[in-house]
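As a plain string of letters, each chain reads:
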Amino acid sequence: MTVQDAGSITREEALVTVDDVSIGYSEKVAVEKVDLSVQPGEFVSIIGPSGCGKSTSLHLLSGLNEPLRGRVSVRGVDSTGSMGGALKVGYVFQDHRLLPWRTVAQNLDIAMKNAAVPQEEWAQRRSRYLSLLRVADHEGSFPLRLSGGQRQRVSIARAMAVSPDIVLMDEPFSGLDEVTARSIRRELDASRQRQDPATVFVTHSIREALYLSDRVVMLSRGPAHVIKEIVVDIPRPRAYDDETIVDLEKTIVDEVLEQWEDTAVPAPAGGTA
Ligand code: ADP
């Protein structure tokens, strides 16, 4: 396990690089200064307190939010202002967003069709990702017949099935009970392979981030700047209660508690990590 200052991670051959980006809504600056790089196949979590700008940062990668300042590059090519379409994205939200009038299989097929995945690959991709998320038996079911956890499993399978460059997950487990969340996290961790799509995972759970990630990027209270990056080099499969993860979680909590508390004095404008 390595704890590094923000900005010291190599950016060579990055899939996507975010440099000194700020993002705003109308008059309000939501993200003050974010630097981030994601390597192909890397699982990166963004953690920070509620409202600090995590989702806003994620939207930057899908082109939903444009930066006020700074630069975004995809495979070394400046894509600032044209992120929509620069990366093929699979999205997982807090709620499953499945089409209720379509079966599980049809939900995946529609997503693959929209993402221009060749039709001859659909069956194989469907089977692979529904099996991986342990919902293959529900291919013919409608989402309303599934539990909340099963719906979210399908939603993750759908995001992976579209052959994305990057999967963006925005607090996908925060609406689930802890036992279900642990079970899905375990599958994600155990199945993780280097050739899988890169993933950027937004959460306010430090433990969840450490358990799932190759690297964790910690944001300050909003408007966010990057405080620190943590490389998690524990081999997979991991244990959720792994001693190193629990110890590191404690250290981080001690370190950021004051910073993250909503009674804390905000960082001065233009302040850095
Ligand atoms: P987080 O994901 O860390 O909880 P968000 O990125 O959702 O935070 O929000 C960051 C800040 O931007 C918050 O103050 C939030 O109120 C504001 N914000 C988010 N979305 C919008 C929007 N569409 N319009 C205006 N303000 C927004």
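Residues numbered from 1 in each chain as written. Predicted model: local features only at pLDDT ≥ 70, side-chain atom pairs only at ≥ 80, totals over all residues.

Participant: Explain the packing of helix α2 (residues 104-114) against helix α3 (residues 122-132) to me, and be specific about the residues and the numbers.
Facilitator: Look at α2 against α3: their axes get within 10 Å of each other, and the N-to-C directions meet at 125 degrees. The orientation of α2 relative to α3 falls into the category oblique. The two elements α2 and α3 cross, and the hand of that crossing is right-handed. Only Trp122, Arg125 and Arg126 of α3 make contact with α2, whose side of the interface consists of Ala105, Leu108, Asp109 and Met112. (Axes fitted to C-alpha atoms, helices over the stretch in contact; angles between N-to-C directions. Helix = DSSP H or I, 4+ residues; strand = E, 2+ residues; numbered from the N terminus. Parallel < 35°, antiparallel > 145°, perpendicular 65-115°, else oblique. Left-handed = near helix turned anticlockwise from the far one by under 90°. Contact = placed C-beta atoms within 7 Å.)

Participant: So what about the domain arrangement of the protein chain? Which residues, and what values?
Facilitator: What the domain assignment reports for the protein chain is domain 1 (1-87 + 166-175 + 195-273) and domain 2 (91-164). Placing the centre of domain 1 and that of domain 2 at their C-alpha centroids yields a distance of 26 Å. Tallying the contact residues gives 11 residues for domain 1 and 11 residues for domain 2. Among the elements that line the side of domain 1 that touches domain 2, the one with the most residues is strand β8 (residues 166-170), at 5 residues. (Domains from an automatic or database assignment.)

Participant: Explain the site of the ligand to me, using residue names and the numbers behind them.
Facilitator: Taken together, Tyr25, Lys28, Ala30, Gly48, Ser50, Gly51, Cys52, Gly53, Lys54, Ser55, Thr56 and Gly222 make up the full set of residues near the ligand. Elements with a minimum of two residues in the shell around the ligand: β3 (28-38) and α1 (54-62). Considering every element that reaches the shell around the ligand, the biggest residue donor is α1, with 3 residues. Looking at the shell around the ligand residue by residue, the class counts come to 3 nonpolar, 7 polar and 2 charged. (Near = placed C-beta within 6 Å. Nonpolar A, V, L, I, M, F, W, Y, C, P; charged D, E, K, R; others polar.)

Participant: An account of the pairing of strand β10 (residues 215-219) is needed here, citing residue identities and associated values.
Facilitator: Across the 5 residues that make up β10, a large majority, 5, are buried. Where burial is concerned, the two faces of β10 agree: the one with Arg215, Val217 and Leu219 and the one with Val216 and Met218 are both buried. In the sheet, strand β4 (residues 43-47) pairs with β10 via 4 bridges, with the strands oriented parallel. Residue pairing in the sheet places Ile47 in a bridge with Met218 of β10. Here β10 folds back onto strand β11 (residues 224-231) in antiparallel fashion, the turn holding 4 residues. (Buried ≥ 20, exposed ≤ 12 C-beta atoms within 10 Å, placed from the backbone. Pairing = 2+ DSSP bridges.)

Participant: Describe the pairing of β3, with residues and values.
Facilitator: The buried fraction of β3 amounts to 9 of the 11 residues, a majority that puts the element mostly inside the structure. Note that strand β2 (residues 16-25) and β3 share 7 bridges and pair antiparallel. In the strand pairing of β3, Thr17 is matched with Ser37.

Participant: Let's hear about the environment of Val72: which residues, and what values?
Facilitator: Summarising the element assignment, Val72 is placed in strand β5 (residues 69-74). With residues up to four places along the chain from it excluded, the contact list for Val72 reads Val16, Val18, Val21, Leu60, Pro67, Ser79, Thr80 and Met83.

Participant: So what about the nonpolar core? Which residues, and what values?
Facilitator: Counting residues in hydrophobic clusters, the biggest one holds 70 residues, and the most contacted among them are Ala157 and Ile166. Among the elements that take part in this core, helix α4 (residues 148-161) stands out by supplying 6 residues, more than any other. Here this core spans two domains, since at least three of its residues come from each of domain 1 (1-87 + 166-175 + 195-273) and domain 2 (91-164). Not counting the four nearest positions on each side in its chain, Ala157 is found in contact with Leu108, Tyr129, Leu130, Leu133 and Val135. (Core = buried A, V, L, I, M, F, W, Y, C linked by C-beta atoms within 7 Å.)

Participant: Explain unusual backbone geometry to me, and be specific about the residues and the numbers.
Facilitator: Here the amide bond leading from Gly222 into Pro223 is cis, since omega sits at -5 degrees, within 30 degrees of zero. That bond from Arg236 to Pro237 is cis: its omega, -5 degrees, falls within 30 degrees of zero. Within the element layout of this structure, Pro237 appears in the loop between β11 and α7 (243-260). Here Ala116, not a glycine, exhibits a phi torsion of approximately 60 degrees, which is positive. Ala116 sits in the exposed class, given 9 other C-beta atoms within 10 Å. Although it is not a glycine, Ser163 sits at a positive phi angle of roughly 60 degrees. Position of Ser163 relative to the elements: it lies in the loop between α4 and β8.

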